[in-house]
Structures are given as C-alpha cells and as structure tokens.
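Tertiary structure, described
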Amino acid sequence: MIVNKRGSLYVEASMVMPMVFMIITGLIGIVMWFNGCLFEQVNNHLNMWNELNKGIEAKYMRNLDGIKEIFDQ
C-alpha cells in the first residue's frame, strides 16, 4: 500500500514557518531592548563622568590660580 504524504509536507511547513518567524522576531526584539538599555546606561555613565570632571576641573583650576598667585608675589 503506497501512502501519499504530499499533504503532510504542507502542513509541517505551515506550522514550522510561522514559528520560525515568531522566534526570529522575538530575538530581534530582545536584542533591540538590550541595545536600548545599554544606550541608556552609557548615557547615564557619561553624565556621571561629566559631573565628576567638572568638580575635578574646578579644583585643578583653583590650584593653578593659587600657584599663579604665589609666583606673582
């Protein structure tokens, strides 16, 4: 008895292909979410670094001004 399995190929493809597309779409969404979180974290660190540098730069300038005043005397 010869069984025709031609229809099973279409049924399998109609079940597998949408699942593959949903998985790929989900992975792309996860990667985009991680990228967004990384971008936000980098911006926060840059803002913190800029605030830290302002204090260090102001202290350095005050020290230079003090040295300049000592040499001017």
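The shown structure was predicted, so the numbers you read here are calculated from the model rather than taken from an experiment.

Cut-offs applied
- Residues numbered from 1 in each chain as written.
- Predicted model: local features only at pLDDT ≥ 70, side-chain atom pairs only at ≥ 80, totals over all residues.
- Heavy atoms only, no water.
- Helix = DSSP H or I, 4+ residues; strand = E, 2+ residues; numbered from the N terminus.
- Buried < 20%, exposed > 50% of the residue type's maximum accessible area, 1.4 Å probe, protein only.
- Areas by Shrake-Rupley, 256 points an atom, 1.4 Å probe, with all protein chains shown as cover.
- Phe/Tyr/Trp six-rings, centres within 6.5 Å; stacked < 30°, edge-to-face > 60°.
- Patch = residues over 30% accessible without salt bridge, like charges linked within 9 Å, V, L, I, M, F, W, Y side chains within 5 Å.
- Salt bridge = Lys/Arg side-chain N within 4 Å of Asp/Glu carboxyl O.

**So, the overall build of the protein chain**
Tallying secondary structure elements over the protein chain gives 1 helix and 0 strands in all. Classification of the 73 residues of the protein chain by burial places 0% in the buried group. Surface accessibility of the protein chain: about 7,300 Å² in total, with carbon and sulfur atoms responsible for 69%.

**Thoughts on the packing of aromatic side chains**
In total, this model carries 1 aromatic pair according to the counting rule given. Consider the rings of Trp33 and Phe34, whose centres lie 5.1 Å apart with planes at 50°: the pair is tilted. Since its relative accessible area comes to 54%, Trp33 is described here as exposed.

**Observations concerning a nonpolar patch on the surface**
A cluster of nonpolar residues, Val11, Met15, Val16, Val20, Ile24, Ile28 and Met32, forms a patch on the protein surface that exposes about 640 Å² of accessible area. Mapping Met15 onto the fold places it in helix α1 (residues 6–72).

Bear in mind that shape data such as this cannot, by itself, settle questions of function.
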